[in-house]
Amino acid sequence: MGIYLNPDNTDFKELRNSTICVDKSLLIEYTNSVMNTKDKYICVSRPRRFGKSTDANMLVAYYSKGCDSASLFSDLNIAQTSTYQVHLNQHHVIFINMQEFYDNCDTIKELKEQLSQILLIELKAAFDNILYYDDKNLIISLKNINDQAKQKFIFVIDEWDCVLRDKDAPQEKKSFLVFMNSLFKDQTYIELVYMTGILPIKKYSNQSALNSFDELSMLNPTPFEEFMGFTENEVKKLCERYQMNFNEMKAWYDGYHFKNGTSVYSPRSINKALRIRACGNYWSKTSSFENLRFYINQNIDGIKESIVQLLAGDMIKIDPDIFNNDASEIHSKDDVLTYLVHLGYLGYDELEKKVYIPNKEVSDSFVSTMRKSKWENTIYFLENSDKLFEATWNQDEETVAEYIEKAHQEVSIIQYNDENALTYTIYLA
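First things first, this report covers the structure right here in the doc. Computed from a predicted model, the values in this text were never measured in an experiment.

1. With respect to the overall build of the chain
Okay, step 1: Within the chain, the regular secondary structure consists of 19 helices and 13 strands.
Okay, step 2: Viewed in the frame of its principal axes, the chain has a C-alpha envelope of about 85 × 50 × 35 Å.
Okay, step 3: Burial statistics for the chain: of 429 residues in total, 53% are counted as buried.
Okay, step 4: Residue pairs at least 24 apart in sequence account for 69% of intrachain contacts in the chain once pairs closer than 6 positions are excluded.
Okay, step 5: When the accessible surface of the chain is split by element, carbon and sulfur atoms take 46% of a total near 20,200 Å².

2. Notes on helix α11 (residues 246–253)
Okay, step 1: Turning to α11, its buried residues number three or more, namely Phe246, Met249, Trp252 and Tyr253. Taken end-on, α11 shows its buried residues confined to a sector of 125 degrees, consistent with a single buried face.
Okay, step 2: N-capping of α11 is provided by Asn245, with a side-chain oxygen placed 2.9 Å from the backbone N of Asn247.
Okay, step 3: Phi turns positive one or two residues past the end of α11, at Gly255, with a value near 130 degrees.

3. Digging into the layout of surface pockets
Which parts of space are left empty comes out when a probe the size of a water molecule is rolled across the atoms.
Okay, step 1: Put simply, the second largest pocket is a space of about 890 Å³.
Okay, step 2: Lining the second largest pocket are 35 residues, with Leu15, Gly51, Ser53, Thr54 and Pro267 sitting closest to its centre.
Okay, step 3: If you list the elements that add at least two residues to the lining of the second largest pocket, you get α1 (10–17), α3 (52–63) and α12 (267–276).
Okay, step 4: Looking at which element gives the most residues to the lining of the second largest pocket, the answer is α3, with 6 residues.
Okay, step 5: Along the lines of polarity and charge, the residues of the lining of the second largest pocket split into 12 nonpolar, 9 polar and 14 charged.

4. Concerning the pattern of salt bridges
Okay, step 1: Using the criterion set out here, one finds 10 salt bridges in the structure.
Okay, step 2: Put simply, Glu232 and Lys250 hold a salt bridge, and the shortest N to O gap is 2.7 Å. Of this pair, Glu232 sits in helix α10 (residues 232–242) while Lys250 sits in helix α11; the two residues are 18 residues apart in sequence, bridging distant segments of the chain.
Okay, step 3: For Glu232, a relative accessible area of 23% puts it in the partly exposed group.
Okay, step 4: One network of salt bridges, in which partners are shared, links Lys124, Asp135 and Lys136.

5. Focus: the pairing of strand β4 (residues 190–197)
Okay, step 1: Of all 8 residues that make up β4, 8 are buried, and the element is covered over most of its length.
Okay, step 2: In this sheet, β4 lies alongside strand β1 (residues 41–45) in parallel orientation, the contact comprising 5 bridges. Bridged to Cys43 within β4 is Met195.
Okay, step 3: Pairing geometry for strand β3 (residues 153–158) and β4, over 5 bridges, is parallel. Looking across to β4, one finds that Phe155 is bridged to Val193.

6. Brief notes about empty space enclosed by the protein
Okay, step 1: Applying the stated criterion across every chain yields a total of 1 cavity of 30 Å³ or more.
Okay, step 2: If you add up the space inside the largest cavity, you get close to 40 Å³.
Okay, step 3: The set of elements that each furnish at least two residues to the lining of the largest cavity consists of β9 (256–257) and β12 (347–349).

7. Examining the pairing of strand β2 (residues 92–97)
Okay, step 1: Within β2, 5 of the 6 residues are buried, leaving the element largely enclosed by the surrounding structure.
Okay, step 2: Bridging between β2 and β3 involves 6 bridges; their strand directions are parallel. For Asn97, the partnering residue across the bridge sits in β3 and is Asp158.

8. Some words on the packing of aromatic side chains
Okay, step 1: Inspection of the entire model under this criterion finds 16 aromatic pairs.
Okay, step 2: Relative to Tyr63, the ring of Tyr62 lies with its centre 4.8 Å away and its plane at 75 degrees, an arrangement referred to as edge-to-face.
Okay, step 3: Given a relative accessible area of 0%, Tyr62 falls into the buried group.
Okay, step 4: Measuring from ring centre to ring centre gives 6.3 Å for Tyr345 and Phe366, while their planes differ by 75 degrees; the resulting arrangement is edge-to-face.

Rules used in this analysis
Residues numbered from 1 in each chain as written. Predicted model: local features only at pLDDT ≥ 70, side-chain atom pairs only at ≥ 80, totals over all residues. Heavy atoms only, no water. Helix = DSSP H or I, 4+ residues; strand = E, 2+ residues; numbered from the N terminus. Buried < 20%, exposed > 50% of the residue type's maximum accessible area, 1.4 Å probe, protein only. Contact = heavy atoms within 4.5 Å. Areas by Shrake-Rupley, 256 points an atom, 1.4 Å probe, with all protein chains shown as cover. Arc of directions from axis to C-beta. Polar contact = N/O pair within 3.5 Å; in protein donor to acceptor, adjacent residues only side chain to side chain. 1 Å grid on protein atoms, 1.4 Å probe; cavity = no way out; pocket = protein on both sides within 12 Å on 5 of 7 lines; lining within 4 Å. Points joined across faces, edges and corners; volume = space filled by probe spheres on them. Nonpolar A, V, L, I, M, F, W, Y, C, P; charged D, E, K, R; others polar. Salt bridge = Lys/Arg side-chain N within 4 Å of Asp/Glu carboxyl O. Pairing = 2+ DSSP bridges. Phe/Tyr/Trp six-rings, centres within 6.5 Å; stacked < 30°, edge-to-face > 60°.

Read these as geometric descriptors, not functional statements.
This is how it looks when you write it as structure tokens:
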């Protein structure tokens, strides 16, 4: 048992000890089914606070030879499947949180050297009877272990894309991707690779830099829809258990819909709302909030106008395929809006190829960004909209008329003389 090779199950044990724990263990049934096949390379990208690290910790606890996790899984859904006992704590697992190494290194070269050195120390301690051809080369050493001891490895990598989310390291990204590709592609020592991050794999000339991976994201999550967050049925059951209003929870946190009918919620937000027994804006305060403000303030291709449209309830068509999945390569409005889907600030309709603001929590984040970014005109209209809503609720017809007229004079470009024109003006108001 080591820190990175065959780690223990402490992190997953803490989750099982928590008051709120949703069973996502059938993810393991899928990973069991693709192990040692051509589909053994999995890259799952989704926003912060959507359970990426939780899933990674679960896989480590299930597969790692460094622990006994039978008591942690015996009452979960995976225990009822045919492959459960076959793989339970039967594999050599290498678990890497790439953010940990990236934060401690000044360059990608240093990251690769530090990562290789640490893994080699643990590998040589565990496999001390191997003749290593080059004991300073991680890939060759893994090949030596596979060839002489007939052992394979499962790699679980969390925050794998942290390098690609850095706007200030464009020159080193290709070097990092070459390293990752060399470590995994067509290597006989691989049983399974499960990587999690926020961005999908970077593209060069519309081709993935790690083209052996199946990529699952908020744009195209099939067949992982139910594992991308808490499903609606799971949230309903939690609301019943904790006597919370489901409709209020839905208004605050629903909105990430997939084409198979699955709808998911942010686990972080649901957990927080249940624990303090009140809905509120919890997720955005701990996510990549500055990214949202930075890209909107650039006003690329009139992005501010698009955000106002989205706040008004519109959906906007995008071409997500042009984005290279690199935070340093934002060139168009489609790039910005696609990036915001990956960050969780926008939902995506896969059939219509349109984005939208998913819920109240995210809408509040946009409004907060506007206030801090001094969008004076937009804030003025938002405040008028709030006052109009309040006046409507209070049946104050004079104030309602006043703010409808404001919208007509200050926002609408049409002279209304029929129902459709009036409807449009009210919509803008």
